[in-house]
Each structure stands twice: as C-alpha cells, then as structure tokens.
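What follows is each chain in one-letter form.
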Amino acid sequence: MTKTVTYVEMTDAGQLVPGTPVPGLALVALGGDLSLVPDLMARIGAPYQWRSASRGPGEWRTWFAEHQDRTCRLLSWADEPVGVVCYDLHPGADVEIRTFGLLPEFTGKGLGGRALTLAIQQGWALVPGVRRVWLHTSTADHPNALPNYHRRGFRTFKTEEGAPDSATP
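This write-up is about the structure you can find in this document.

Cut-off values and rules
- Residues numbered from 1 in each chain as written.
- Predicted model: local features only at pLDDT ≥ 70, side-chain atom pairs only at ≥ 80, totals over all residues.
- Heavy atoms only, no water.
- Disulfide = S-S within 2.5 Å.
- Helix = DSSP H or I, 4+ residues; strand = E, 2+ residues; numbered from the N terminus.
- Buried < 20%, exposed > 50% of the residue type's maximum accessible area, 1.4 Å probe, protein only.
- Contact = heavy atoms within 4.5 Å.

Moving on, we get to the state of the cysteines. Overall, the coordinates contain one disulfide when judged by the stated rule. For cysteine 72, the disulfide goes to cysteine 86, at an S-S distance of 2.3 Å. When the S-S torsion is 105°, as for the bridge of cysteine 72 with cysteine 86, the disulfide is right-handed. One end of the pair, cysteine 72, is in strand β3 (residues 71–77); the other, cysteine 86, is in strand β4 (residues 80–90), with 14 residues separating them in the sequence. As far as burial versus exposure is concerned, cysteine 72 and cysteine 86 are alike and both buried.

Here you go:
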C-alpha cells in the first residue's frame, strides 16, 4: 500500500481553532525524566507500525540524542497518562510537533481535539518568537489524525506520495 505523508503548519497562533474543553485533561512537563516516553510511544504507535513500537533501549537513547532541543510532555486525564507530545526546535523559530498521540484505549473518547489544542498552545509557547508550528502525518496513522489537524487550523503545505516508513515516529 502506498503511503502519503502530509505536512501541515500554522504560521500564527491566532490560526488555532480550539477543541472542546475536556475537564481533567492536561499537558504536563516531564522535565528531565523521560522514562515514560518509550513505553507510551510504543503503545501509541503499535497499531500504526510506528518505529517507536519496536525500538530497543539503545535506539531510544539515539532517538532522544538526535535532536538536542527535543522536549516531551505527557498528556494526562484525571491524572492518568493518556498520550504524549514531543517537540523539536528548528532554526528560524520553527517548532515541530515530532510526536503526538493518544494511547489506543483513549481514542474515540472525545479527547483528541482538546489534546491537540493543548499541544499546539505549548508549541507556540516553547520559545520566544515562534514563527510556525508544524507536523507531519501519514495515511498509516489514525484515520482521524489529518482531519483533526485541519479542524484545529493547520493547513497543508506539502504532501509526499509513496513515502518511506521512516516518516513515522
């Protein structure tokens, strides 16, 4: 099956169309303790064959080290981990949402729109002068991913047909 990767961006924080508030849903800084991230990303990515679903400890060390400004946040609902967001800072004040996802048992519960809203708001606040927030998704990801990104105000700026598997987290 040919995979299509879609790149989306916001170039102004005012483009955000917030999702419906969800009481108890929060985006929590992990600080230096990223020990939860590999398990969460493996569980989130398993249904979509993300590379994170099969990385070993050495590969995780490499993943965290490959981008010195990579930072991750925990999505929690009623103090229970439900997902993760990781960001990469790029030259020119670009913030990439490198990973965004909910655990499979929390999809379809009306959390995605608000979770993405929190992730985008944090992206705009990561560093002073953010010029744009962007991410990519593919046809191998959750079928509601791209529609959710568009509903939140992202616009497509590039697509790649027949993209390699390396396009997933």
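Back to the text.
Counting buried positions over the nine residues of helix α1 (residues 37–45) gives seven, a clear majority of the element. Buried within α1 we find Val37, Pro38, Leu40, Met41, Ala42, Ile44 and Gly45. Those residues of α1 that are buried lie in contact with α2 (57–65), β3, β4 and β5 (94–102).

By themselves, these are just geometric observations and shouldn't be taken as functional.
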